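This is what each chain is made of:
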Amino acid sequence: MSVADLSGRIPNNVNLKDDKRLLRALESWQPKYIDWWMEMGPDGFQADQIYLRTAISVDRDGWAQFGHVKMPEYRWGIFLADREDGRKIPCGDHYGKDAWQDVPGEHRNALRRMIVTQGDTEPASVEQQRRLGQTAPSLYDLRNLFQVNVEEGRHLWAMVYLLHSYFGRDGREEAEDLLVRRSGNADKPRILTTFNDPCEDWLSFFMFTTFTDRDGKFQLHALAESGFDPLSRTCRFMLTEESHHMFVGETGIQRVVKRCAEVMNKVGPEPDRVRAEGAIDLPTIQKYLNMWYTSSLDLFGGEKSSNAASYFAEGLKGRFMESKYDDHVCVDGHYDMTVVQDDRLVQEQIPLRIAMNEILRDGYVSDCENTVERWNKVLEREGREERLYLPNRRFNRRVGEYANIRFDPQGNLISEHEWTSKRDQWLPTTADFAYVKSLMHPVVEPGKIASWIAPPQKGINNQPFEFEYVRK
Ligand SMILES: [Fe+2]
Ligand SMILES: [Fe+2]
């Protein structure tokens, strides 16, 4: 078991104090990170005391410590899951050979690209969420937002550690650039589209943490299967934090649905009447779901991808839970994919390696289905007949095979005319955004909660809901 060193400026379990060059490089990046955090991190609240958990080790039981801290004083550390003795490359052409402890020269560019792309999403989401603190529905939610934000900051640290330790000067340059790009900025945008989309209300935040952080889970799992061992170990530890982000999203929507159901039981299902009670109507929840889910589907990349094939072939990136598969090489075998040909949907057999993005997306889709099912249980328990659903993966895509082709939420090809006439039933309208925005008022009294969301079933770390999760 590795020992965590919590005494220096950068808490870590990678023996930073014995690597003076690396330590100096990271210590010179640290103030720039703090500048970025002050400029682009949570707006306001930087001087408040937030009840946060901090990673202090990688032991299953004792990795987190809870306490009130000011966010700029959060101890962002570098933690890698422990090294597995004799770990082998889990997939591709080098399957079964020793995993790499250093970057193989021929894979340097590809690995750096993967790490930068992952790393870029972390500060991007903090930027997207930076104003949400001002309209939090409760102190409990406010604290959860900040917990997600500081951990995304730590994820950035994790990727920057890899860039600094293994990629020399270009790694250091990339680490600087990660603090220069800005979500939604026309001149220097973040790398992936979803991470430039505005996330301006809490319904979006809960959808984002449900669907977009879940993309993170699958990407991290795929990178945890990398033959480049330090990347694998970094991602394995990040996954422990990621599950809390998805918990925040899933239970957030659960509570919005619960409140909606309670109001429907009182005044009936008509959206206007639900809105008159200050709750969010189910059609609006569905439209937000459609928007964030489909945007997150795009993050997996094109359905047919020669990049994904070569990442897999080279052992740089595996599948979700690679060990559950029998064949780790995948030179034979096909994937049955639905594609559009001459304005019709047809089945096509794609070589397995070319379909790696789609295989990862399959796991994601079924994970999302389970989530929506749990949301529907809330409606069921409240005695409602309405249900939420996951739209077909072809609907509303901006990337890949189905991009810019019109499909309905069931996945049927439709005309531009039909799309235009029904779009507002499927995706949020300006009026929907405005309505949700009109509900966004801060509730900062301990134990109180906004009208549009039910209180959580339990607090954080066995604290009650009334606990002062954020204080001046
Ligand atoms: Fe993250
Ligand atoms: Fe996350």
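Structure first, text after, so check above.
Residues numbered from 1 in each chain as written. Chains lettered and ligands numbered in written order. Predicted model: local features only at pLDDT ≥ 70, side-chain atom pairs only at ≥ 80, totals over all residues.

Draft legend 1. Structural context of the overall build of the protein chain. Each helix and strand in the protein chain was counted, giving twelve helices and five strands. Radius of gyration (C-alpha) of the protein chain: 23 Å, near the 23 Å computed for a compact globule of 472 residues. Based on the C-alpha atoms only, the size of the protein chain along its principal axes is roughly 65 × 60 × 40 Å. Counting all 472 residues of the protein chain, 45% fall into the buried class. When contacts within the protein chain are restricted to residue pairs at least 6 apart in sequence, those whose partners lie at least 24 apart make up 69%. (Helix = DSSP H or I, 4+ residues; strand = E, 2+ residues; numbered from the N terminus. Rg over C-alpha atoms; globule rule 2.2 N^0.38 Å. Buried ≥ 20, exposed ≤ 12 C-beta atoms within 10 Å, placed from the backbone. Contact = placed C-beta atoms within 7 Å.)

Draft legend 2. Summary view of the pairing of strand S1 (residues 49-55). Of all seven residues that make up S1, five are buried, and the element is covered over most of its length. Bridging between S1 and strand S2 (residues 64-70) involves seven bridges; their strand directions are antiparallel. Among the inter-strand pairings, Arg53 is bridged to a residue of S2, identified as Phe66. The pairing of S1 with strand S5 (residues 470-471) spans two bridges and is antiparallel. When the sheet's bridge partners are listed, Ile50 is paired in S5 with Val470. (Pairing = 2+ DSSP bridges.)

Draft legend 3. View of the nonpolar core. Judged by nonpolar contacts, the single largest core of 111 residues is most densely connected at Val160, Met207, Val256 and Cys260. Here this core takes 16 residues from helix H3 (residues 139-166), the largest share from any one element. (Core = buried A, V, L, I, M, F, W, Y, C linked by C-beta atoms within 7 Å.)

Draft legend 4. Region of interest: the pairing of strand S3 (residues 334-341). Pairing between S3 and strand S4 (residues 344-351): eight bridges, direction antiparallel. The residue of S4 that forms the bridge with Thr338 is Gln347. Linking two consecutive strands that pair antiparallel, namely S3 and S4, is a turn of two residues; a positive phi of about 50 degrees is found at Asp342 within it.

Draft legend 5. The packing of H3 against helix H6 (residues 229-267), seen in detail. In contact at an axis separation of 10 Å, H3 and H6 are set at 170 degrees when each is read in the N-to-C sense. When the axis of H3 is compared with that of H6, the two are roughly antiparallel. Residue-level contacts link Asn144, Gln147, Val148, Glu151, His155, Ala158, Leu162 and Tyr166 of H3 to Pro230, Leu231, Thr234, Met238, Glu241, His244, His245 and Val248 of H6. Of the residues that constitute the contact of H3 with H6, the class distribution is eight nonpolar, six polar and two charged. (Axes fitted to C-alpha atoms, helices over the stretch in contact; angles between N-to-C directions. Parallel < 35°, antiparallel > 145°, perpendicular 65-115°, else oblique. Nonpolar A, V, L, I, M, F, W, Y, C, P; charged D, E, K, R; others polar.)

Draft legend 6. Focus on the sheet that holds S1. The three strands are arranged S2-S1-S5 in an open sheet whose pairing can be described as antiparallel. The open sheet terminates on both sides in strands that have one partner only, identified here as S2 and S5.

Draft legend 7. Spotlight on unusual backbone geometry. Phi is positive for Cys330, close to 60 degrees, though the residue is something other than glycine. Take Cys330: it is sitting in the loop between helix H9 (306-313) and S3. What makes Cys330 buried here is the crowd of 22 C-beta atoms within 10 Å.

Draft legend 8. How the structure looks around the environment of Leu156. The residue Leu156 is located in helix H3 in this model. Taking the C-beta count within 10 Å as the criterion, Leu156 has 26 such neighbours and is therefore assigned buried. For the pair Leu156 and Ala124, spaced 32 residues apart in the sequence, the C-alpha separation amounts to 9.8 Å. When neighbours within four sequence positions are excluded, Leu156 is seen to be in contact with Gly119, Glu122, Pro123 and Leu178.

Draft legend 9. Seen up close, the environment of Met38. Among the secondary structure elements, Met38 is positioned in helix H1 (residues 20-40). Among the residues examined, Met38 registers 12 C-beta atoms within 10 Å and is labelled exposed. Taking the C-alpha atoms as reference, Met38 lies 9.5 Å from Met71; in sequence the two are 33 residues apart. When neighbours within four sequence positions are excluded, Met38 is seen to be in contact with Gln46 and Pro72.

Draft legend 10. Summary view of helix H4 (residues 168-177). Of all the residues in H4, the buried ones are Gly171, Glu174 and Ala175. Down the axis of H4, the smallest arc covering the buried residues is 105 degrees, so these residues share one side. Relative to its buried face, H4 has exposed residues pointing more than 90 degrees away, namely Arg169, Glu173 and Glu176. Turning to H4, the residues buried within the fold contact H1, helix H2 (108-128) and H3. (Arc of directions from axis to C-beta.)

Draft legend 11. Representation of H3 in the model. The end-to-end C-alpha distance of H3, which contains 28 residues, comes to 41 Å, matching closely the 40 Å that a straight helix rising 1.5 Å per residue would cover. Most of H3 sits inside the fold, with 28 of its 28 residues counted as buried. Gly168, located one to two residues past H3, shows a positive phi value of around 55 degrees. (Expected span 1.5 Å × (residues − 1).)

It is worth stressing that arrangement in space is one thing and function is another; only the former is reported here.
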